[in-house]
Amino acid sequence: MLKADATLRVTRDGPYELSGDAALVDHLGVAIAVEAMPVKLCRCGRSQTKPFCDDSHLDSGFTGAKDAHRVPDRLDVYPGQAVTIFDNRGLCAHSGFCTDRVAGAFHVGEEPFVTPSGARLDELVGAARRCPSGAFSAGMDDAPDRGLTDSKRPAQVEVSLNGPYRVTGGIMLLDEDGNPQARPQGASPEHYSLCRCGSSLNKPFCSGMHWSVDFHDPVADAERVPTLFEWAGGYPALLDMTRIFYSRHVPSDPLIGPLFATMSPDHPERVAAWLSEVFGGPKFYSERYGGYGRMISQHVGKGIRPDQRARWAALMAQSADEAGLPQDPEFRAAFIAYLEWGSRIAVENSQGDAHPPPNMPVPRWWWVCEATPGARVSALAPAEEAAPEAAALAPGETPDFARHIRPLFRPMDRNSMRFAFDLWSEADLRTHGQAILARLRSGTMPCDGAWPGERIDVFERWLAATE
């Protein structure tokens, strides 16, 4: 299943070179612009232009050698009732996809690590295909069955968030001399993870050391409110959810199973693309499948019943849990609201006497009532560090915004009001100052306790000086 027209070459103590017909995407599944192939990808972890190489490896003493103390290259075999699992801990990147999602068969810190009889066959095969490192595989006999373990998918390199390059689609991995890279026992040639932090014990493969060295990608804008698409984890997370829904729940469900009996093999991909676009991501559905009109055409004449709609929404929410989508109240409020809204419109459009309005745009969903991440402090969050104290105001001194006013408002104060104005913006405070002052005087702002009188006086003096 190797894709001969796409290659990744591991250069000596230097970057990876990606060539040929392969996509480079970020952790959300969004394409990363590449001027031309081949492209050099950082693997020392020090580039200031990640994921691209900026030659930082030349000055950092980076070496591509394997560590003598790495986990041994050993293929362990775990026979089960329905399938045998083959696992090589020496290749594991510790992404946790198996232990987090199929906990009945994979056990952190326990022996045996794998108990195949603790999960269904489809769960084990699915876990093998989702394993980013290719460390484990499944087989019916005495050897891994690549047909069970590997998927047929486009050649792609995903730059995972704060982690390795996740390679899929059978991109040929070459060593510094241009020969096929030696691989650990049982390794998948279709999907594998390559070190990006520069600290792996098993270079060029990821060994999970990015967790230990606290490797992080730069944050473009920490103050920007993320879209639902970004918060969910992007297209890969939504696709994981839809695959779970359509493969695990739909076939055995008497209510909605018949609705999807004739669905196309790529139906999970289509729904994930739709949700990506609706939740504020790229126009994946419109560009790949045809937009709103195409979606409507899939429901016309289906005669979806209210009980089928309710079951669809409930199982999709359950699939979100099983796929590990965010559990915070803010995301789930928006997510469930869309499931309810969208599925009820689907019921309307599916009736025999329905006349769906033509040429409508794909809806764009947002946080419910501006309840965004960071708009409140969770009761389970660590205690917030105290904000820096505002500078003392000398007698007769005119309050200064940066020294005396902005420090009065904590990050939680700012986040809770950003739907209306920015408490760290001098312009916004001037515009809305009198309304804010009224609430400060009445004790209704901030929500967790009134300001002392002297603090209100400083704010009022600043307002008076700006008029």
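In the block above lies the structure referred to throughout.
Just so we're clear, the structure is a prediction, and the values are computed from it rather than from any experiment.

Caption draft 1: Geometry of the overall build of the protein chain. Looking only at helices and strands, one finds 16 helices and 11 strands in the protein chain. Based on the C-alpha atoms only, the size of the protein chain along its principal axes is roughly 85 × 70 × 45 Å. Taking the intrachain contacts of the protein chain between residues at least 6 apart in sequence as the baseline, contacts between residues at least 24 apart amount to 61%. Roughly 23,200 Å² of accessible area belongs to the protein chain as shown, and the carbon and sulfur atoms make up 54% of that amount. Taken together, the 47 basic and 61 acidic charged side chains of the protein chain have centroids lying 3 Å from each other.

Caption draft 2: Expanded view of helix H8 (residues 267-278). The first and last C-alpha atoms of H8 sit 17 Å apart over 12 residues, in line with the 16 Å expected at 1.5 Å per residue. Within H8, 12 of the 12 residues are buried, which leaves it mostly tucked inside the rest of the structure. The complete set of buried residues in H8 reads His-267, Pro-268, Glu-269, Arg-270, Val-271, Ala-272, Ala-273, Trp-274, Leu-275, Ser-276, Glu-277 and Val-278. The inward-facing, buried residues of H8 abut helix H6 (228-232), helix H7 (234-249), helix H9 (284-289), helix H10 (292-297) and helix H12 (329-350). Two residues or fewer past H8, Gly-280 is found with a positive phi of approximately 100 degrees.

Caption draft 3: Up close: the sheet that holds strand E7 (residues 136-139). A sheet is described by the order of its strands in space; here three strands give the open sequence E5-E6-E7, paired in antiparallel fashion. Two strands close off the open sheet at either side, each with one partner strand: strand E5 (76-78) and E7. When the angles between neighbouring strand axes are averaged without regard to direction, this sheet yields 20 degrees. Direction of pairing for E5 relative to strand E6 (residues 84-87): antiparallel, over a ladder of three bridges. Bridged to Asp-76 within E6 is Asp-87.

Caption draft 4: Here's a closer look at the pattern of salt bridges. For the structure on display, the rule yields 26 salt bridges. Across the pair Glu-340 and Arg-344 runs a salt bridge, and its minimum N-O distance is 2.9 Å. Of this pair, Glu-340 and Arg-344 both sit in helix H12, four residues apart, which is roughly one turn of the helix. Residue classification places Arg-344 among the partly exposed residues on the basis of a relative accessible area of 46%. With its nearest N and O atoms 2.8 Å apart, the salt bridge here joins Arg-414 to Asp-422. Overall, Asp-422 belongs to the buried group, its relative accessible area being 18%. Among the charged side chains, a salt-bridge network with shared partners connects Arg-101, Arg-130 and Asp-240.

Caption draft 5: Focus on the sheet that holds strand E3 (residues 23-26). With mixed pairing, the four strands of this open sheet are ordered in space as E3-E8-E9-E11. Bordering the open sheet on either side are E3 and strand E11 (192-194), each of which pairs with just one other strand. Strand-to-strand twist in this sheet, taken as the mean axis angle between neighbours without regard to direction, amounts to 25 degrees. One ladder, built from three bridges, connects strand E9 (residues 165-168) with E11; its direction is antiparallel.

Caption draft 6: How the structure looks around the state of the cysteines. All told, the structure shown has zero disulfides when counted by the stated rule. Unpaired in terms of disulfides, Cys-92 finds its nearest cysteine sulfur in Cys-98, a separation of 6.4 Å. Residue Cys-131 stays outside any disulfide, its sulfur separated by 6.4 Å from that of Cys-98, the closest cysteine.

Caption draft 7: View of the packing of helix H11 (residues 306-323) against H12. Put simply, H11 and H12 touch, their axes get as near as 10 Å, and they point 150 degrees apart. The angle between H11 and H12 places the two elements in the roughly antiparallel class. For the element pair H11 and H12, the recorded crossing hand is right-handed. Only Arg-332, Phe-335, Ile-336, Leu-339, Glu-340, Ser-343, Arg-344 and Val-347 of H12 make contact with H11, whose side of the interface consists of Arg-309, Trp-312, Ala-313, Met-316, Ala-317, Ala-320 and Asp-321. Its residues assigned to classes, the contact of H11 with H12 comprises nine nonpolar, one polar and five charged.

Caption draft 8: Inspection of the nonpolar core at higher detail. One finds Leu-8, Phe-106, Val-157, Ile-171 and Leu-194 to be the most contacted residues of the largest nonpolar core, which totals 47 residues. Examining the composition of this core, we find that four residues originate from one element, helix H3 (residues 121-130), more than from any other. Sequence-distant contacts of Leu-8, that is, excluding residues within four places in its chain, are made with Tyr-16, Glu-17, Leu-18, Val-157, Val-167, Ile-171, Met-172, Leu-173, Leu-174, Tyr-192 and Leu-194. Val-271, Met-295, Trp-312 and Phe-335 belong to the second largest nonpolar core, which has 44 residues in total.

Caption draft 9: Just unusual backbone geometry, in detail. Here the amide bond leading from Met-37 into Pro-38 is cis, since omega sits at 0 degrees, within 30 degrees of zero. Between Met-445 and the following residue, Pro-446, the backbone shows a cis peptide bond with an omega angle of -5 degrees. As for its position among the elements, Pro-446 is in the loop between helix H15 (426-442) and helix H16 (453-466). The backbone of Cys-369 sits at a positive phi, close to 50 degrees, despite the residue not being glycine. The topology assignment puts Cys-369 in the loop between H12 and helix H13 (401-405). Cys-369 gets classed as exposed once you look at its relative accessible area, which sits at 76%.

Caption draft 10: Here's a closer look at the pairing of E7. A two-sided burial pattern is seen for E7, the buried positions comprising Phe-136 and Ala-138 on one face and Ser-137 and Gly-139 on the other. Bridge count between E6 and E7: four bridges; the pairing is antiparallel. Paired with Thr-84 across the bridge in E7 is Gly-139.

Caption draft 11: Region of the structure containing the packing of aromatic side chains. By the definition in use, this model includes 22 aromatic pairs. Centre to centre, the rings of Phe-229 and Phe-284 are 6.4 Å apart; their planes meet at 75 degrees, and the pair counts as edge-to-face. Of this pair, Phe-229 sits in helix H6 while Phe-284 is found in helix H9, placing the two residues 55 residues apart along the sequence. Phe-229 gets classed as buried once you look at its relative accessible area, which sits at 2%. Aromatic side chains Phe-245 and Trp-312 sit 6.1 Å apart centroid to centroid with 75 degrees between the ring planes, which places their arrangement in the edge-to-face category. A residue pair is termed long-range when its members are at least 10 positions apart, and Phe-245 in helix H7 and Trp-312 in helix H11 qualify at 67 residues.

Definitions and cut-offs
- Residues numbered from 1 in each chain as written.
- Predicted model: local features only at pLDDT ≥ 70, side-chain atom pairs only at ≥ 80, totals over all residues.
- Heavy atoms only, no water.
- Helix = DSSP H or I, 4+ residues; strand = E, 2+ residues; numbered from the N terminus.
- Contact = heavy atoms within 4.5 Å.
- Areas by Shrake-Rupley, 256 points an atom, 1.4 Å probe, with all protein chains shown as cover.
- Lys, Arg positive; Asp, Glu negative; His and termini not counted.
- Charge placed at Lys NZ, Arg CZ, Asp CG, Glu CD.
- Expected span 1.5 Å × (residues − 1).
- Buried < 20%, exposed > 50% of the residue type's maximum accessible area, 1.4 Å probe, protein only.
- Pairing = 2+ DSSP bridges.
- Axes fitted to C-alpha atoms, helices over the stretch in contact; angles between N-to-C directions.
- Salt bridge = Lys/Arg side-chain N within 4 Å of Asp/Glu carboxyl O.
- Disulfide = S-S within 2.5 Å.
- Parallel < 35°, antiparallel > 145°, perpendicular 65-115°, else oblique.
- Left-handed = near helix turned anticlockwise from the far one by under 90°.
- Nonpolar A, V, L, I, M, F, W, Y, C, P; charged D, E, K, R; others polar.
- Core = buried A, V, L, I, M, F, W, Y, C linked by side-chain atoms within 4.5 Å.
- Phe/Tyr/Trp six-rings, centres within 6.5 Å; stacked < 30°, edge-to-face > 60°.

Honestly, it's all geometry; don't read function into it.
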